[in-house]
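# Chains, contacts and geometry: an overview
The residues making up each chain are set out below.
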Amino acid sequence: MPAVFSRVRLLGLPLLAVALVCGLKVLLRGLGWEPLAPNPLVTALVAATVFLLGFLLSGVLADYKESERLPGEMGTALLCLAQELHHSGLAIADADPRPALAAVALLGREVLGWLDGQHDDAPLRLSLRRIYGELALVARWNPAPLQARLLLELANLQRGLVRVATIRDTDFLGSVYALANLAALLLGLGLLLSRDRNLGEALFFLAVLTALLSMLLLLIADLDNPFAHHDGNSVENVSLLPLQQAVRQLEQLAAESGESAP
């Protein structure tokens, strides 16, 4: 339901833009200040604007599809790490994986909190340092091949974290964003200053183009950061459900390891 409210609220900006542009058109018609004659080049400007917006949308959608996989991949890496520790502790005499499992469960909670926008990356960095320390202690009783698998899963997790940080902090081709916004602005300005015989038709097409272009620009800006869960105005964010389920399983594994300890 909150997502529905956010989408409804997001429609307010395009509707406001439509009302403003249509009001300006009526005002300019009343003042008789429409110096531009109808020109077929307007069609070319519309096509160029749509092309730029389509290029931007295809680019951010590619990043969005990649981002959809990242929570599941990070949750899988954490689960594999915890399960390897848990079963190694069952199979190897005198092994005590409980501190490492607790560190993995804590790391999972910190990753989820960071992705959900509950805190910055400082607690996450501390948890990563702790898990490396715990794995160094595990190496005293864990065979080298199994230890290498643990470090590989931890590397996969960090690779996903770096990718999320990059997607969050980097805009997709900022110069193309500026060009697309400029093209949309010039198109609207050209339609405002164009002379039309029928004011009703002019207002209709102006309202439709303004609504579609403004909604598309807002959608592209929203899709460019699919991990903005902390932003109440962001609507299209990737689901963290796979990671949430993985964290619950991590906590269950850590609890079972504690109960089975002598």
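Coordinates for the structure precede this section.
Model, not experiment: these values are computed from the prediction.

### With respect to the layout of surface pockets
- For the largest pocket, the calculated volume is near 460 Å³.
- A17, V21, A184, L185 and T210 are the residues nearest the centre of the largest pocket, which is lined by 20 residues in total.
- Those elements that place two or more of their residues in the lining of the largest pocket are α2 (12-31), α7 (174-192) and α8 (199-223).
- No other element matches α7, which puts eight residues into the lining of the largest pocket.
- When the residues that make up the lining of the largest pocket are grouped by side-chain class, the tally is 16 nonpolar, four polar and no charged.
- In this structure, the second largest pocket spans a volume of roughly 280 Å³.
- Forming the walls of the second largest pocket are 15 residues, and the residues nearest its centre are L191, S194, D196, A202 and F205.
- When contributions to the lining of the second largest pocket are tallied by element, the ones reaching two or more residues are α3 (41-91) and α8.
- Sort the elements by how many residues they give to the lining of the second largest pocket and α8 lands first, with five residues.

### Focus on α2
- If you check α2, its first and last C-alpha atoms are 28 Å apart, about what 20 residues at 1.5 Å a residue would give, namely 28 Å.
- Taken residue by residue, α2 has P14, V18, V21, C22, K25 and L28 as its buried positions. For α2, the arc enclosing every buried residue in end-on projection is 125°, short of the 170-degree limit, so these residues lie on one face. Away from the buried face of α2 by more than 90 degrees, exposed residues L15, L16, L20, G30 and L31 are located.
- Just beyond α2, the residue with positive phi is G32, at close to 70°.

Basis of the calculations
- Residues numbered from 1 in each chain as written.
- Predicted model: local features only at pLDDT ≥ 70, side-chain atom pairs only at ≥ 80, totals over all residues.
- Heavy atoms only, no water.
- 1 Å grid on protein atoms, 1.4 Å probe; cavity = no way out; pocket = protein on both sides within 12 Å on 5 of 7 lines; lining within 4 Å.
- Points joined across faces, edges and corners; volume = space filled by probe spheres on them.
- Helix = DSSP H or I, 4+ residues; strand = E, 2+ residues; numbered from the N terminus.
- Nonpolar A, V, L, I, M, F, W, Y, C, P; charged D, E, K, R; others polar.
- Expected span 1.5 Å × (residues − 1).
- Buried < 20%, exposed > 50% of the residue type's maximum accessible area, 1.4 Å probe, protein only.
- Arc of directions from axis to C-beta.

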